[in-house]
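Okay, here's what each chain looks like letter by letter:
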Amino acid sequence: MSGPRGLLVLRAGALTTLQDRGRPGWAHLGVPRSGALDAGAHALANRLVGNPVDAATLETTLDGVALRALAPVTVAVTGAPCAVRASGRPVAWGEPVWLPGGAELEVGRAESGLRSYVAVRGGFGVPAVLGSRATDLLSGLGPPVLAAGTLLPVGPPGRDPARGADGAGAGAGAAGSAGAGAAGSELVLPLRLGPRADWFTAESIAGLWRSGYRVSALSNRIGLRTEAGPPLRRARGGELPSEGMVLGAVQVPPDGLPVVFLADHPVTGGYPVIGVIPEGPPLDAAAQARPGTGVRFVRAGRN
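Cut-offs applied
- Residues numbered from 1 in each chain as written.
- Predicted model: local features only at pLDDT ≥ 70, side-chain atom pairs only at ≥ 80, totals over all residues.
- Heavy atoms only, no water.
- Salt bridge = Lys/Arg side-chain N within 4 Å of Asp/Glu carboxyl O.
- Helix = DSSP H or I, 4+ residues; strand = E, 2+ residues; numbered from the N terminus.
- Buried < 20%, exposed > 50% of the residue type's maximum accessible area, 1.4 Å probe, protein only.
- Pairing = 2+ DSSP bridges.

A. Inspection of the pattern of salt bridges at higher detail. With the rule as written, the count across this model stands at 11 salt bridges. For the salt bridge of Arg11 with Glu106, the shortest nitrogen-to-oxygen distance reads 2.6 Å. Placement of the pair is Arg11 in strand E1 (residues 6–11) and Glu106 in strand E9 (residues 104–107), with a sequence separation of 95 residues. Assessed through its relative accessible area of 28%, Arg11 is described here as partly exposed. Exposure remark for Glu106: the relative accessible area of 30% places this residue in the partly exposed category.

B. Expanded view of the pairing of strand E4 (residues 65–69). Of all the five residues making up E4, four are buried; the element is thus mostly covered by neighbouring parts of the structure. Where E1 meets E4, four bridges bridge the pair, whose relative direction is antiparallel. Bridged to Leu7 within E4 is Ala69. Pairing analysis gives four bridges linking E4 to E9, with the strands arranged antiparallel. Paired with Arg68 across the bridge in E9 is Glu104.

C. Focus on the pairing of strand E10 (residues 116–120). The buried fraction of E10 is high, at five of five residues. What you see with E10 is no split at all: Ser116, Val118 and Val120 on one side and Tyr117 and Ala119 on the other are buried throughout. As paired elements, strand E3 (residues 57–59) and E10 share two bridges and run antiparallel to each other. Residue pairing in the sheet places Leu58 in a bridge with Val118 of E10. Bridge count for strand E5 (residues 73–79) against E10 is five bridges, and the pairing is antiparallel. Residue pairing across strands places Gly79 opposite Ser116, the latter belonging to E10.

Bear in mind that shape data such as this cannot, by itself, settle questions of function.
Right, here's the structure in full:
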């Protein structure tokens, strides 16, 4: 079987979206950044199939996705470890996989972590909005959330796919930060205090370093919400006027429980930001942390 280059969605899963590196630089117009939550896993998936890092991938949530190749394509799955099958047969996770036309790719339930990433050689050729193919759940920009029956066009192939992250097999490295979702694991988040740390008592800030929280089931692509830890107490009354928010900002709403802003965060907010988590592996790990995972904040730059 051969036809137009594309992938047909057979099973969309709990939440599967198209993601790339998002829309940075539009916040002054009220446009959120969006993009892949686990940026490292997204980049690796593209590298494995020979795509540029800004090519769009599929970001699945917990229970994967099923696709049918309309023509021969090469794909790779990274992020949360999971079973991967092609027309019912096990195939490699974290490696390039060739699918003949008509083959069905089944990306299974995450074994740890939350989000897997599916790249196809040539990238997904959906229309870009403001320079990005990312689905933004907050603003509604970008392609819609995937549904069964969606046809995803595939662009022309680029350079040859890589074999593994360093040319010799990706192995456990393809999981990126998915270990944060493993049973009994702990999410450790380095925090740089400011700009509104002075809105909280010294005792609360001292307690922040000593205490633990848990990932709340209310977490989503907008933010990782915490629970079961000591509320942060304010040192002053009143409220802030809305001010700009950045990726990794840790905002503290009236209940005192920190919220870590992820890729679909709003561009402004009125609750004080006690600190910011630097971009990179810690935020990738936050994207993979399942509800109930322990959370501990540490001073940035310290163990």
